[in-house]
Each structure stands twice: as structure tokens, then as C-alpha cells.
Amino acid sequence: MKQTNLHNKQLDKIVTETLSTSEDVQATISETSKQAQTVSDAAQESINVSNTGRNAVTNAVTGMRTIRHQVEDISQSIQALTKKTQQIEDIINAVEDIADQSKTLAINASIQAAKAGDKGRGFAVVSLEMRRLAERSKNATTRINKILNEIQHSTSAAVLFSKEGSKGAQKGMELANCAGETIQDLTKTIEESAELAS
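Rules of the game
Residues numbered from 1 in each chain as written. Predicted model: local features only at pLDDT ≥ 70, side-chain atom pairs only at ≥ 80, totals over all residues. Heavy atoms only, no water. Helix = DSSP H or I, 4+ residues; strand = E, 2+ residues; numbered from the N terminus. Buried < 20%, exposed > 50% of the residue type's maximum accessible area, 1.4 Å probe, protein only. Contact = heavy atoms within 4.5 Å. Areas by Shrake-Rupley, 256 points an atom, 1.4 Å probe, with all protein chains shown as cover. Core = buried A, V, L, I, M, F, W, Y, C linked by side-chain atoms within 4.5 Å. Salt bridge = Lys/Arg side-chain N within 4 Å of Asp/Glu carboxyl O. Patch = residues over 30% accessible without salt bridge, like charges linked within 9 Å, V, L, I, M, F, W, Y side chains within 5 Å.

This brings us to the overall build of the protein. Across its full length, the protein carries two helices and zero strands. For the protein, the spread of C-alpha atoms along the principal axes amounts to about 170 × 15 × 15 Å. Across the 198 residues in the protein, those meeting the buried criterion constitute 19%. Across the protein, the fraction of contacts at a sequence separation of at least 24, relative to all contacts at a separation of at least 6, is 91%. Of the accessible surface of the protein, which amounts to about 14500 Å², a share of 58% is contributed by carbon and sulfur atoms.

With that out of the way, let us pick up the nonpolar core. One finds V57, V61, M173, A176 and I183 forming the largest nonpolar core, which totals five residues. Sorting the residues of this core by element identifies α1 (2–116) and α2 (121–197) as the ones contributing at least two each. The element contributing the most residues to this core is α2, with three residues. Not counting the four nearest positions on each side in its chain, V61 is found in contact with M173, A176 and N177.

If you walk through the whole model with that rule in mind, you get five salt bridges. R132 is paired through a salt bridge with E129; the nearest N and O atoms lie 2.9 Å apart. Remark: E129 and R132 occur in helix α2; sequence separation between them is three residues, near one turn of the helix. Given the relative accessible area of 43%, E129 is considered partly exposed.

By the element assignment, Q44 lies in helix α1. Judged by relative accessible area, Q44 falls into the partly exposed class, the value being 40%. Taking the C-alpha atoms as reference points, Q44 and E191, separated by 147 residues in sequence, lie 7.7 Å from one another.

Residue position: R68 is located in helix α1. The class for R68 is buried, based on a relative accessible area of 15%. In this view, R68 contacts S166, A169, Q170 and M173; residues no more than four positions away in its chain are not counted.

Moving on to the environment of L175. Relative to the assigned elements, L175 resides in helix α2. Distance from L175 to V61, taken between C-alpha atoms, is 8.8 Å for residues 114 residues apart in sequence.

With that out of the way, let us pick up the side chain of S127. Along the chain, S127 turns up in helix α2. For S127, a relative accessible area of 1% puts it in the buried group. Setting aside residues no more than four positions away along its own chain, S127 makes contact with A106, A109 and S110.

Attention now goes to a nonpolar patch on the surface. A cluster of nonpolar side chains, contributed by L105, V126 and M130, occupies part of the molecular surface with about 260 Å² of accessible area. Note on V126: relative accessible area 45%, which makes it partly exposed.

Written as C-alpha cells, this is what we have:
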């Protein structure tokens, strides 16, 4: 009986230890499960944040692309304006030539009027007015030419700036695309980690 009691005590001890170990294992499993859930939740939050980042980068790329197209459109409009100012310059040059020829004709008419004496007085008045008109035309075309040169200078600078802006927008778009690819890779890694954690 002593042996049975001893045996029963040993069995009780083994059962108690087994139960205790089983409870410890269960607690560890429970804690590990909680930690895995925390990791899984954190991974899901990271996925959400990276998706938000990816969407922001996509929107930034779209915005940069729009800006680049708008800058290119502005550049084309400015270049068309530059061509129109060249056409205006050609017309001004023609008007200047006409003014110079009119002035020369007016001088010749004055000479002829002086040769004609009293009979050429009326013609002398007309030739004097022609000369004044030619000089006013010449002065006006000189002022217009100066303004036109300033416009051409400004449009040339604007074309240069718009080209630089287009290059900047293109570079920004490339950088945003690179950031998007990095976020995409990060998202994939986080998703894979989340799958392993669950």
C-alpha cells in the first residue's frame, strides 16, 4: 500500500506538472497568438499607409504630367506669337521703306516746285506735307520696332523658361515614378510579411 500511495503521489505530481506545463504552453500560445495578431494588424496598417502613399505618388505623377503638357502648350503658343511678331516686323520694314521713298519723292517734288516758281507753290505745300507725313511714319515705325524687339526678347525668354519648366516637370515625374515603384515594392514586402504573420 505504501508503494501504491507512493505511486499515486508520483502520478499526482506528474499530472500536476503536466497540467502546469499544459497551462504554460496554452498561455504561451495565447500570448504568441496575441503578438501575431498585433503584427498582423500593424502589417495591415502598413499596407494601408503604403497604398495611400502609392496613390499620392500616382496623383503627383498625373499632376506633373498635366503641368508638363500645359507648359509645352504655353511654349508652343509663345513660339507662334514669336512668328507673328516676325511678320509684324516685316510689315514695319515695308512701311519704313515706303516712308523713306515718300520723303525722297517729297524732296524731289520740292525741288521741282522751286523750279516752277509761283506756279509750283501749291505743289510745294503738298510736298512739304508729304515730307512731314513720311517723317512721322518713320518715327512711328521706329517706336513700333523698338516695342516689337522688346516683345521678341520677352517671348524668347518665356520660351526658354517654359522649356526649363517642362524639363523640371519631366524630372519631377521621373522622381515621383521612382518613389511610386519603391512604395510598390515596400507594399509587396509588407503584404508578404503580413501573410507569413497570419
